[in-house]
Amino acid sequence: EPAQGIVLLAPATPMAPLVQHEVERKGLRHGRRLRVPLLALVSVVAVAVSLDLAAFSRSGKAASAAATTAWVGKNMQPELVVEQSGGLRGMALGVLFALLMMGCVPAWRAIRKARELQRPYQLQDLLHGGIADPEADLTKIITFIQDQVIVPIDERLPGRPFEYDLHSFPFVPMVLVIGNHSSGKSTFINSLLGVSTQETGVAPTDDGFTVLERWQADSTEDGPTVFGCPGNRPFRELQRFGQAFSGHFRRKRKVLPDDADMPFGLQIVDTPGMIDLPLTGSIDSDNPTGNQVRGRGYNFVDVVRWWAKRADLILLLFDPDKPGTTGETLEVLTKSLAGLDHKFLVVLNKVDQLDNSVDFARAYGTLGWALSKVIRRKDIPQIYTMYNAGFDAKVGTHHKLPLDDFAKRRLEVIAEVCRAKERHLDNVVTALEETLRQVSMTAMVLGAIQAKAARRLVLTWLVGAALVAAPLGVLVWLVATGRLALPGSASYVPAVPHRSSWRAPPPTEAHSEDLTFMGMLGVLSAYTGLLLVLSAGCREFLQQSRRLQRTTLDDSFEEVYADFFIHNDGEDHRARWMNVKPKISSILSSIICASSLKPFPSWEMVKIDACLTKDVWHLRQLARMLRLDANGEARPSNDRAGAARKG
């Protein structure tokens, strides 16, 4: 609109966000102008309704004329008074209707606005710049999505299954190192730090989790102190694992040599070696498997899962002596690292201890076969073969294996460790996206199960009520129609045997009362038995339905996503379902009936879809911008004029 001084610029210009804001402001002003015609329309409808009501009230003037004539006087016509009172009554009802309509419109708008995603930020086009602090914006958006979209749904779920999947800021990027005992974890960390800080040996030497970080001064902190670290707010969540864990958790900050590979602003987490331990818990109702603590005093699998979800890189180390997966390693791979295979690197360490290529092929093949049993996909992840630095002198110069190639592999692993800082924000966005999708899947499947259980419960109550009321209804109908006379009533005639030679004496009053009492007692007893049978049947039916819900979770999932699977094989959804299914099974096991779950309205799923399509894309652009700034690279620009000048 050039007449009003507003020029719509091209999207490539730096002024496009300002113009967009001006257009939105004008649209809001035009929307306010639309309220006048809307209120005028409501007023016209109210007047029409009032006239309709006035005409309707005139039809009752004959009934009210006699009452009105008693006090209006002789000089006033009763018809005029009735007509005026009817019109005033209709006008009053019309005004009341108009006020009601005017109040309903803002209320409806407020409800609709509350159901929409009210972002306290703008999704700008990042190609034009204009963001002073991208990291603050990224933190603000992630916190808003977690608080306004994920938490309201998670709070309605029993046990809050997604409570510990949320991110707290700030926290330092980290690398998690796990593996069997004596797989070279501590030795690799010492070579990465450039100093010997972790105990090494063939036997298990470390019994706890240790966080190592490059710092300006040496310090060692115990678990409770680390829980209150202001620079790593997620650490306070570790308190839920109990005193046994906090007593075996520490953090070491070290002054490292200048040539150390370990960068500042990165944490390395050393873990206890995974071994097969005897069962320590007794098998009872509270501990059906007998292996809840696995001899450590805390749930090792859950602790590793917590670290793995927040780590930016996971190193899974094996050694040639134990290339297969132990029982605890198998449990960690199937539970702790489920759905996180995009983060971890599989490393076959200590290959310098192998004598020839035959031993190497046997160890490599055994590890690949063991991984194929727990990683359910055709492509086995890449296995890095290396040996720890500092042991070159032990193998000699005439080794039959290409140690130089293995040394290059070690450098690649170290490079991946150092690159974890760059992947940090991308991993945070990916974790948020996966949490949103899991929350959506959980809500949709549980919503379908809840609706089915509610229908089944209503049907059970209706059938039970019908079976309970049917005998009473039949009895009342028989008595009302005279087909059945109760003992003691006037129409009751006792049965007499059809024998001409014998006549029964007439019943006395006491005998009739006894018959009446016994008959009523028999009816009540039969009816009580019927109620008990129906109650037991309904209870058994609901219990079987509850067990059936947990055994048919896959069928419920297929029904919810049936339309999506028509033109798509849904491999991504099925892989995600493997992580969501245990949570839903635990939720259903903790409640009596699925109908007691709170429903999940469709507008909450719309919010999640809006975050996945718009906000997550915006967050990835912010993470990319921060990554380019950290590497010192120039941000890409969409300035067509500048590109034309360069051309």
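Residues numbered from 1 in each chain as written. Predicted model: local features only at pLDDT ≥ 70, side-chain atom pairs only at ≥ 80, totals over all residues. Heavy atoms only, no water.

Caption draft 1: Region of the structure containing unusual backbone geometry. The peptide bond linking Phe169 to Pro170 adopts the cis configuration, its omega dihedral lying at 0 degrees. Located in the positive-phi region is Ser182, a residue other than glycine, with phi close to 60 degrees. Mapped onto the elements of the fold, Ser182 is located in the loop between strand 1 (174-179) and helix 6 (185-193). With a relative accessible area of 14%, Ser182 lands in the buried category. Here the phi dihedral of Lys350 falls at roughly 60 degrees; this positive angle occurs in a residue that is not glycine. Along the chain, the position of Lys350 falls in the loop between strand 7 (344-348) and helix 11 (357-374). (Helix = DSSP H or I, 4+ residues; strand = E, 2+ residues; numbered from the N terminus. Buried < 20%, exposed > 50% of the residue type's maximum accessible area, 1.4 Å probe, protein only.)

Caption draft 2: The arrangement of the packing of aromatic side chains in detail. Counting across every chain of the model gives 20 aromatic pairs. Measuring from ring centre to ring centre gives 5.6 Å for Tyr121 and Phe144, while their planes differ by 85 degrees; the resulting arrangement is edge-to-face. One end of the pair, Tyr121, is in the loop between helix 4 (78-115) and helix 5 (134-155); the other, Phe144, is in helix 5, with 23 residues separating them in the sequence. With respect to burial, Tyr121 and Phe144 carry one shared label: buried. On the basis of an interplanar angle of 65 degrees and a centroid distance of 5.8 Å, the ring pair of Phe564 and Phe565 is categorised as edge-to-face. Residue Phe564 is classed as partly exposed on the basis of its relative accessible area, which comes to 34%. In this structure an aromatic cluster arises from ring pairing among Phe209, Phe227, Phe235, Phe241, Phe245, Phe249, Tyr298, Phe300, Trp306 and Trp307. A cation over an aromatic ring shows up here: Arg253 above the ring of Trp215, its NZ or CZ 3.8 Å from the ring centre. (Phe/Tyr/Trp six-rings, centres within 6.5 Å; stacked < 30°, edge-to-face > 60°. Lys NZ or Arg CZ within 6 Å of the ring centre and 35° of its normal.)

Caption draft 3: The arrangement of the side chain of Ser183 in detail. The topology assignment puts Ser183 in the loop between strand 1 and helix 6. Since its relative accessible area comes to 0%, Ser183 is described here as buried. From its side chain, Ser183 meets the backbone oxygen of Asn180 in a polar contact 2.7 Å long. (Polar contact = N/O pair within 3.5 Å; in protein donor to acceptor, adjacent residues only side chain to side chain.)

Caption draft 4: Just the environment of Ser585, in detail. Among the structural elements, Ser585 can be located in helix 17 (residues 571-589). A relative accessible area of 25% places Ser585 in the partly exposed class. For the pair Ser585 and Gln549, spaced 36 residues apart in sequence, the C-alpha to C-alpha distance is 8.8 Å. The contacts of Ser585, once residues within four sequence positions are left out, are Arg550 and Leu553. (Contact = heavy atoms within 4.5 Å.)

Caption draft 5: Spotlight on the sheet that holds strand 8 (residues 383-385). Judged by pairing direction, the sheet is mixed, and its 8 strands sit side by side in the order 3-4-2-5-1-6-7-8 without closing on themselves. Of all strands in the sheet, those bounded by a partner on one side alone are strand 3 (219-222) and strand 8. On average, each strand axis in the sheet is tilted by 25 degrees relative to the strand beside it, whichever way the strands run. (Pairing = 2+ DSSP bridges. Axes fitted to C-alpha atoms, helices over the stretch in contact; angles between N-to-C directions.)

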